Amino acid sequence: GRCGEEATCTVTALRSVGIPARQVYTPRWAHSDDNRAWVEVFVDGKWQYMGACEPEADLNIGWFTEPARRAMLVHTKVFGDYPGNDEVVNRGAEYSEINVLGNYAEIKKLSVKVLDKAGSPVENARVDFGLYNYAEFYPIASKLTDKKGIAYLTTGKGTLLVWASKNNDFTYEKVSVDRIQNIVLKLTGNNITLNASMDVIPPPVKSPYPVNAKGKEKNALRVKSANAIREKYRSTFIDTASIYKFADGQKLNRQQVLKYLKLSEGNYEAIKSFISSNALEEKSY
């Protein structure tokens, strides 16, 4: 699987043994294309992170640590209508999406006020916070303005394209979050020229966190032990000679049977059973 499936599997495994866990996600990286999901666990009274399937020496270490420290949004989903103090990025009927970027990066609250042509606040205007990634300004968050015409996002200190719209009116502005905290956008119509040249700058690079040498050595031994357990299990998989004998007994092509039983790995008994039950009637398969 990808990082998303791996994180879901890891969270499920941790929860099954009583460790509170949740998947966290950055919709897009600020410094390069693509995105990433990983895992947070509640240990020693606070949320700490780990990779979805990459064993490390300790908590709060991962290959993605430095990118996450330059992220513009990291969020997680919680069940129901979230009552806590974290910023809610998106509130659905069954879940709330909360902003946990402060666990990783330097943050700043960007406030956007939307006005109509007469200069009055616009309620329920949509504000998209666009991050440049994959040759587009991808909306890492979308919010509606309140009665005062204001929407906000706690984000990193990089560049965003803030796009405001309601009905057929819209406008936009490029924002360097490290230099600006409050912006005002006026909905002037729909005849805006969208041909523009602009610099897009991610949050600055941070010095790497140090890694404990003893912890790294201990982790290497644990990885070696885990690999030994895996290889011992793999040694129980069906071998080529047994597959050929089975294929001959079913009057089937050896190479076809070999392909599927090898691919089935630890599930080979179930595949053998299926073949045995269906070989005579379904030889064409």
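Here, every reference points to the structure presented above.
Here the structure is a predicted model, which means the values were calculated and not measured. (Residues numbered from 1 in each chain as written. Predicted model: local features only at pLDDT ≥ 70, side-chain atom pairs only at ≥ 80, totals over all residues. Heavy atoms only, no water.)

Looking at the packing of helix α4 (residues 240-250) against helix α5 (residues 254-264)
At step 1: Where α4 meets α5, the closest approach of the two axes is 9 Å, and the angle between their N-to-C directions is 125 degrees. Compared by their axis directions, α4 and α5 come out oblique. Crossing hand, α4 versus α5: right-handed. Where α4 approaches α5, its residues Thr240, Ile243, Tyr244, Phe246, Ala247 and Asp248 are matched on the opposing element by Arg254, Gln255, Val257, Leu258, Leu261 and Lys262.
At step 2: Among the residues making up the contact of α4 with α5, the classes are represented as seven nonpolar, two polar and three charged. (Axes fitted to C-alpha atoms, helices over the stretch in contact; angles between N-to-C directions. Helix = DSSP H or I, 4+ residues; strand = E, 2+ residues; numbered from the N terminus. Parallel < 35°, antiparallel > 145°, perpendicular 65-115°, else oblique. Left-handed = near helix turned anticlockwise from the far one by under 90°. Contact = heavy atoms within 4.5 Å. Nonpolar A, V, L, I, M, F, W, Y, C, P; charged D, E, K, R; others polar.)

Description of the side chain of Arg36
At step 1: Within the secondary structure, Arg36 is located in strand β2 (residues 36-43).
At step 2: A polar contact is formed between the side chain of Arg36 and the side chain of Glu54, at a distance of 2.2 Å.
At step 3: Not counting residues within four places of it along the chain, the set of residues in contact with Arg36 comprises Cys3, Val24, Tyr25, Thr26, Trp29, Glu54, Trp63 and Phe64. (Polar contact = N/O pair within 3.5 Å; in protein donor to acceptor, adjacent residues only side chain to side chain.)

Some remarks on the sheet that holds strand β1 (residues 21-26)
At step 1: Sheet architecture is open: six strands sit in the order β3-β2-β1-β4-β6-β5, paired in antiparallel fashion. Among the strands making up the open sheet, the edge pair consists of β3 (46-50) and β5 (88-91). In this sheet, adjacent strand axes meet at a mean angle of 35 degrees when their direction is disregarded. (Pairing = 2+ DSSP bridges.)

Quick look at the packing of aromatic side chains
Each aromatic ring pair is specified by the distance between its two centres and by the angle formed by the two planes.
At step 1: Going through the model one piece at a time under the given rule, you end up with eleven aromatic pairs.
At step 2: Taken together, Trp29, Trp38, Tyr49, Trp63, Phe64 and Tyr104 form an aromatic cluster joined through their ring pairs.
At step 3: Over the aromatic face of Trp47 sits the side chain of Arg22, whose NZ or CZ is 3.9 Å from the ring centroid.
At step 4: The ring of Tyr138 has Arg28 lying over it, and the distance from NZ or CZ to the ring centre is 3.7 Å. (Phe/Tyr/Trp six-rings, centres within 6.5 Å; stacked < 30°, edge-to-face > 60°. Lys NZ or Arg CZ within 6 Å of the ring centre and 35° of its normal.)

Overview of the sheet that holds strand β13 (residues 182-186)
At step 1: Taken in spatial order, the three strands of this open sheet run β10-β7-β13, and their pairing is mixed. The open sheet terminates on both sides in strands that have one partner only, identified here as β10 (150-155) and β13. For this sheet, the mean inter-axis angle between neighbouring strands, taken without regard to orientation, is 20 degrees.
At step 2: Bridging between strand β7 (residues 108-115) and β13 involves five bridges; their strand directions are parallel. From the neighbouring strand, Ser111 faces β13, where its bridge partner is Asn182.

Digging into the nonpolar core
At step 1: One finds Leu110, Val112, Val114, Phe129, Ile140, Leu160 and Val162 to be the most contacted residues of the largest nonpolar core, which totals 24 residues.
At step 2: For this core, the secondary structure elements donating two or more residues are β7, β8 (126-133), β9 (136-144), β10, β11 (159-166) and β13.
At step 3: If near-sequence neighbours (up to four positions away) are discounted, Val112 is found in contact with Val127, Phe129, Gly149, Ile150, Ala151, Val162, Ile183 and Leu185. (Core = buried A, V, L, I, M, F, W, Y, C linked by side-chain atoms within 4.5 Å. Buried < 20%, exposed > 50% of the residue type's maximum accessible area, 1.4 Å probe, protein only.)

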